[in-house]
Amino acid sequence: MTKPIADVTPNTWDFLLRPMIKPTGFREYDARWKYPEEINLPGMTALGLGLGTQMRKRGIEPVIAVGNDYRDYSLAIKNALILGLMQAGIQVKDIGPALSPMAYFSQFHLDVPAVAMVTASHNPNGWTGVKMGFDRPLTHGPDEMAELRDIVLGGLGETHEGGSYELVEGVKEAYIQDLIGDFKMSRPLKVVCATGNGTASALAPEILERIGVEVVPSHNELDYTFPNYNPNPEAMEMLHDMSDTLKASGADIALGFDGDGDRCGVVDDEGEEIFADKVGVIMARDLSKLYPGSTFVADVKSTGLFASDPELQERGVKADYWKTGHSHMKRRVKEIGALAGFEKSGHYFLAEPVGRGYDCGMRVAVEICKLMDRNPDMSMSDLRKALPKTYSTPTMSPYCSDLEKYDVLARIVEKLVAKADAGETFAGKAIKEVVTVNGARVILENGSWGLVRASSNTPNLVVVCESSESDEELRAIFKEIDDVIRTEPAVGDYDQTI
C-alpha cells in the first residue's frame, strides 16, 4: 500500500488515482472529514485496508458488519471502504442503510467481532466519517485511533486473501424488535417525533407507534438535503422547532434525533427544552428506584446534580464524572459496571439490564416513554420542575483550528489552574477545584461551574457553564471563562451564545 497524500486536491488526475487523506480527520474516537475537500474515495479504500490490517494485527476474527447513514454520498464512501476491507481479507456483512446504534446492534445480532459505520453523525452535509469498534459495545478510543492512523498514513496496510461480501437483510426489524420487546404503553402519550429528515426518519416514528404512542410527525420524510435544519438535537434551531411543533399540536413531549440516531433531545409539555444532562438526572432518579445503589457516569459537560441531587444520594447512587466523547463514555460505563452514562450532547449509554451499553437515541426514546408510563400522574415538566433548580448554558463552540486547538486549550487550562492556585475569585466566588480530566472544569464553592475543552469532532473549543444560584451568576461565570479564552487570538467566534 502506498502512503496516502496529505494534501487533498479535488478535480485533479491524482484525485481519481491516488489515496488522499487529510491527517486531521483521525479524531480521538472516530474519523471525520469534509468530502471531497479532505478525503477521496481511494483514501477511504486505504482506510478500509488499514482497518482490516488492524483487525488482523490484533488477532480479531476477520468478519465485520458495515452500515451507512442516509446522505447522498454515504453509499459511495461505504463501498470504497468495503473494497479496502475486502483487500485486507475481511468478510464484510453489509447491513445497508442504518443508524449508528443499529450497526452496533448488528454486532450482537450477527455475532460478529467488528463494526464500521459510515456516518458524519450530526455534522452538516459535506462531512463524512467512520465510527468503528472491535470490542462490543465499545468503539475505538484514542489508542485504537492512533494505531489506525499510523497504519493508514504510513502506508502499512497489508492485502490478504479471503475477503468476501454479503448483503445482510433483516437487521432493521431485529433492531426494532430488540428495542420494543413486548412493551406497550398503558397511559396515552402524544409525542412529537423530530428527525430533521435524517436517517432516524426511517425508524423512529415506527418504533414509537409500535409501543402505543400517538406520533406527531416533524420532518420525518427522508431527505438528505436536510431542507429544514441540520438534524442535531443539541442545536437550539432544532430544539426551538420541536418546541413550536409541540405547542401547536398539544403533545406531551417532543423527542428529536440526530443524523445517525445515536442521540436524543427532549422538549417537555410546556415547550421547554431540557438539556440532555438534566434528562439524564430525571432518568437516573427513575432508574434508581428500580436499581438502588447504581453508579451513573456523566461527562464533564454535564450538570453537577448527579453528585448533589438529594434524591439520588438517598438511594445510594454513585456519580462518576468522566471525559466527553462516546468512546470514552462507553468504555467508562463498561469498566466500572455503571447502569448508565449520560452525556450533555445527548448520547446516553444504557447498560444491562436496560440496554446493551452503546449510545442509542431510539433506546432512550423507548426508555423515556417507559419512564412516563411508570409515572402516570406526572408530566415531563413536572419531572423537570422536581429537580433542584440550576441555570445552564447550551453547548457553545468558538472556532479554533484542528491544528491549534489542543495547544490553545493547554494554555487556557494553565491560566485557569493558575487563578485557582493564586486564590483568585471566579464570578465573585472562591474556586473549590479545577478538574482537568478533559479540559478544565472550574468548580466554585457553591457547586456552580464553568468548562472549556477542545471538541473532538470539529475545529472548535467547547464551553458550558452552570450556576446553582441565578442567571446573573451563570453569565458572570461565562464571562470569566470567555475572558481567559479571549487571551488566545487563534480562537474565533461562537456558533451560539447566551
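Residue positions are given per chain, counted from 1 along the sequence in the order it is written. Totals for whole chains, interfaces and linings use every residue, but because this is a predicted model, local features are given only for residues with pLDDT of at least 70 and side-chain atom pairs only at 80 or more, for both listing and counting. Water and hydrogen atoms were dropped before computing side-chain values, which therefore reflect all heavy atoms in the structure.

Draft legend 1. Molecular detail of the UniProt feature "domain: Alpha-D-phosphohexomutase C-terminal" (unreviewed entry) in the protein. Residues annotated in UniProt with the feature "domain: Alpha-D-phosphohexomutase C-terminal" (unreviewed entry) correspond here to residues 422–483. Helix and strand labels come from DSSP, where a helix needs a run of H or I of at least four residues and a strand needs a run of E of at least two; each type is numbered from the N terminus. Across residues 422–483, the secondary structure splits into 21% helix and 44% strand, with the terminal C-alpha atoms separated by 17 Å. UniProt positions are given in the numbering used here, feature names are shortened, and annotations may be inferred rather than shown by experiment.

Draft legend 2. Region of the structure containing the nonpolar core. Only buried residues count toward a nonpolar core, which is a set of Ala, Val, Leu, Ile, Met, Phe, Trp, Tyr and Cys residues joined through side-chain atoms within 4.5 Å. The buried label goes to any residue with under 20% of its type's maximum accessible area, the exposed label to any with over 50%, and the partly exposed label to all in between, with areas taken from a 1.4 Å probe on protein chains only. Core analysis: the biggest nonpolar cluster contains 67 residues, and Leu208, Leu255, Met362 and Ile368 have the highest contact counts within it. Looking at this core element by element, the count peaks at 8 residues for helix α13 (residues 361–374). A domain assignment, automatic or from a database, supplies the domain bounds used here. Lining this core are residues from two domains, each supplying at least three of them: domain 1 (13–169) and domain 2 (181–386). Counting 32 residues, the second-largest nonpolar core is a separate cluster that includes Ile21, Ile39, Ile60 and Ala80.

Draft legend 3. Spotlight on the domain arrangement of the protein. When cut into domains, the protein gives domain 1 (13–169), domain 2 (181–386) and domain 3 (391–494). Put simply, the middle of domain 1 and the middle of domain 3, counted by C-alpha atoms, are 34 Å apart. Listed per partner, the contact involves 9 residues of domain 1 and 9 residues of domain 3. Interface area, domain 1 with domain 3, both sides summed: about 680 Å², of which 41% is carbon and sulfur. By convention in these notes, a salt bridge is any Lys or Arg side-chain nitrogen within 4 Å of a carboxyl oxygen on Asp or Glu. Across the contact surface, domain 1 and domain 3 share 1 salt bridge. Polar contacts here mean pairs of N or O atoms no more than 3.5 Å apart (in protein, one a potential hydrogen donor and the other a potential acceptor; neighbouring residues in sequence count only if both atoms are side-chain atoms). Our count for the contact surface shared by domain 1 and domain 3 stands at 2 residue pairs in polar contact (both at pLDDT 80 or more). Its residues assigned to classes, the side of domain 1 that touches domain 3 comprises 2 nonpolar, 3 polar and 4 charged. Only heavy atoms enter the contact rule, under which two residues are in contact if any of them lie within 4.5 Å. Simply put, the buried area is the total loss of 1.4 Å probe accessible area from both parts when two parts are fitted together. All residues other than Ala, Val, Leu, Ile, Met, Phe, Trp, Tyr, Cys, Pro, Asp, Glu, Lys and Arg, Gly among them, are scored as polar; the first ten of these are nonpolar and the last four charged.

Draft legend 4. Expanded view of the sheet that holds strand β6 (residues 164–167). Between any two strands, at least two bridges found by DSSP are needed for them to pair. Spatially, 6 strands are ordered β1-β5-β4-β2-β3-β6 in an open sheet, and the strand pairing comes out mixed. In the strand order of this sheet, the two ends are held by β1 (31–34) and β6, each with one partner. Across the sheet, the axes of successive neighbouring strands diverge by a mean angle of 20°, strand direction being ignored. Looking at chain direction, β1 and strand β5 (residues 127–133) are connected through 4 bridges and run antiparallel. Convention adopted: a line fitted to C-alpha atoms gives each axis, helices being fitted over their contacting stretch, and angles between N-to-C directions are expressed from 0 to 180 degrees.

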